[in-house]
Amino acid sequence: VYLVAFAITLLVIDFVKLYVGYLRPIFYVSCEPDDVYETCTDGGGGDVRKSFPSGHAGTAFCGMTLIALYLHTRVGVPSVQTMV
């Protein structure tokens with residue numbers, strides 16, 4: 001379950017990164033773009049348009065969600081109906 005959730009998280013993050021295409025903070029230094037900012041003139045670039053969303057934030061959210069679900073099933077909060 002954990003590996004599947006992690007793999008799905010990484011796939012979604014990569015898809016959104018390709019779709020959104022925000023520039024990284026080091027875009028101008030590593031790319032030296034042309035006049036319309038579509039291609040790099042120095043031949044570099046690569047991942048300069050994969051800034052958002054953060055992969056670290058996505059994997060942390062996945063891990064914390066799994067921990068929260070685990071703790072809810074182990075410890076849990078009794079429902080209101082069983083307390084009455």
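Each chain carries its own residue numbering, running from 1 in the written order of its sequence. In view of the model being predicted, local features appear only for residues whose pLDDT reaches at least 70, and side-chain atom pairs are presented and counted only at 80 or more, with totals across whole chains, interfaces and linings using the full set of residues. Only hydrogens and water are set aside when side-chain values are computed; all heavy atoms of the structure are taken into account.

Visitor: Got a sec to walk through the packing of helix H1 (residues 2-20) against helix H3 (residues 55-74)? Specific residues and values, please.
Guide: Axis definition: a line fitted to C-alpha atoms, limited for helices to the stretch in contact. Angles are taken between N-to-C directions and run from 0 to 180 degrees. Where helices and strands are cited, they refer to DSSP runs of H or I of at least four residues and of E of at least two residues respectively, numbered from the N terminus. Direction vectors running N to C along H1 and H3 enclose 150°, while the axes themselves pass 10 Å from each other. Taken together, the axis directions place H1 and H3 in an arrangement best described as roughly antiparallel. Between H1 and H3 lies a crossing of right-handed hand. In contact with Tyr2, Ala5, Phe6, Thr9, Leu10, Ile13 and Lys17 of H1, H3 contributes Gly55, Gly58, Thr59, Cys62 and Leu66. Partitioned by chemical class, the residues of the contact of H1 with H3 number 7 nonpolar, 4 polar and 1 charged. Throughout, the term roughly parallel applies to angles under 35 degrees, roughly antiparallel to angles over 145, roughly perpendicular to angles from 65 to 115, and oblique to all others. Throughout, a crossing is termed right-handed when the near helix is turned clockwise from the far one, and left-handed when it is turned anticlockwise from it by less than a right angle. Throughout, a residue-residue contact means that at least one pair of heavy atoms, one from each residue, lies within 4.5 Å. Here the term charged refers only to Asp, Glu, Lys and Arg, the term nonpolar to Ala, Val, Leu, Ile, Met, Phe, Trp, Tyr, Cys and Pro, and the term polar to all other amino acids, Gly among them.

Visitor: Before we move on, can you summarise a nonpolar patch on the surface with the specific residues and values?
Guide: Each patch groups residues whose relative accessible area exceeds 30% and which form no salt bridge, using 9 Å between like charges and 5 Å between nonpolar side chains of Val, Leu, Ile, Met, Phe, Trp and Tyr. Throughout, the Shrake-Rupley method with a 1.4 Å probe supplies accessible areas, and for residues the shown protein chains are the sole cover considered. The working definition used for a salt bridge is a side-chain nitrogen of Lys or Arg within 4 Å of a carboxyl oxygen of Asp or Glu. Nonpolar side chains collect at one region of the surface, where Val1, Tyr2, Met64, Ile67, Tyr70, Leu71 and Val75 lie side by side and expose about 810 Å² of accessible area between them. Counting residues per element, the nonpolar patch draws most heavily on H3, which supplies 4 residues. Considering the arrangement of structural elements, one finds Val75 in the loop between H3 and helix H4 (80-83).

Visitor: Which residues make up the packing of aromatic side chains, and what values go with them?
Guide: Only Phe, Tyr and Trp rings are paired, with Trp represented by its six-membered ring, and only when their centres lie within 6.5 Å; those with planes under 30 degrees apart are stacked, over 60 edge-to-face, the remainder tilted. This structure, assessed with the given rule, holds 1 aromatic pair. Measuring from ring centre to ring centre gives 6.5 Å for Phe15 and Tyr19, while their planes differ by 15°; the resulting arrangement is stacked. In this pair, Phe15 and Tyr19 are both assigned in helix H1, 4 residues apart and thus about one turn of the helix distant. A single burial state applies to Phe15 and to Tyr19, both of which are exposed. Accessibility here uses a 1.4 Å probe with only protein chains present; expressed as a share of the type maximum, an area under 20% marks a residue as buried, one over 50% as exposed, and anything in between as partly exposed.

Visitor: Now, about the confidence of the model for the protein: what can you tell me, with residues and values included?
Guide: Residue-level confidence of the predictor, termed pLDDT, takes values from 0 up to 100. Across the protein, the average pLDDT comes to 80, with 86% of residues at 70 or higher. Mean pLDDT across the elements of the protein ranges from a minimum in H4, with 56, to a maximum in H3, with 91.

Visitor: Mind laying out the environment of Thr59, listing which residues take part and the relevant values?
Guide: Within the fold, Thr59 resides in helix H3. By relative accessible area, Thr59 is classed as partly exposed at 25%. Thr59 sits 54 residues away from Ala5 along the chain, and the two C-alpha atoms are 9.4 Å apart. Setting aside its immediate chain neighbours within four residues, Thr59 contacts Phe6, Thr9, Leu10 and Ile13. For Thr59, the side chain forms a polar contact with the main-chain oxygen of His56, separated by 3.1 Å. Contacts described as polar in this section are N or O atom pairs within 3.5 Å, which, within protein, must combine one atom able to donate a hydrogen with one able to accept it, while residues neighboring in sequence count only if both atoms come from side chains.

Visitor: Outline the side chain of Lys17, supporting the account with residue identities and numerical values.
Guide: With respect to the helices and strands, Lys17 occurs in helix H1. In this charge count, Lys and Arg are treated as positive and Asp and Glu as negative; neither His nor the chain ends contribute. Look at Lys17: it is buried, it has no salt bridge, and the nearest opposite charge is Asp14 at 5.5 Å. When sequence neighbours within four positions are dropped, the list of residues in contact with Lys17 reads Arg24, Arg49, Lys50, Phe52, Pro53 and Gly55.

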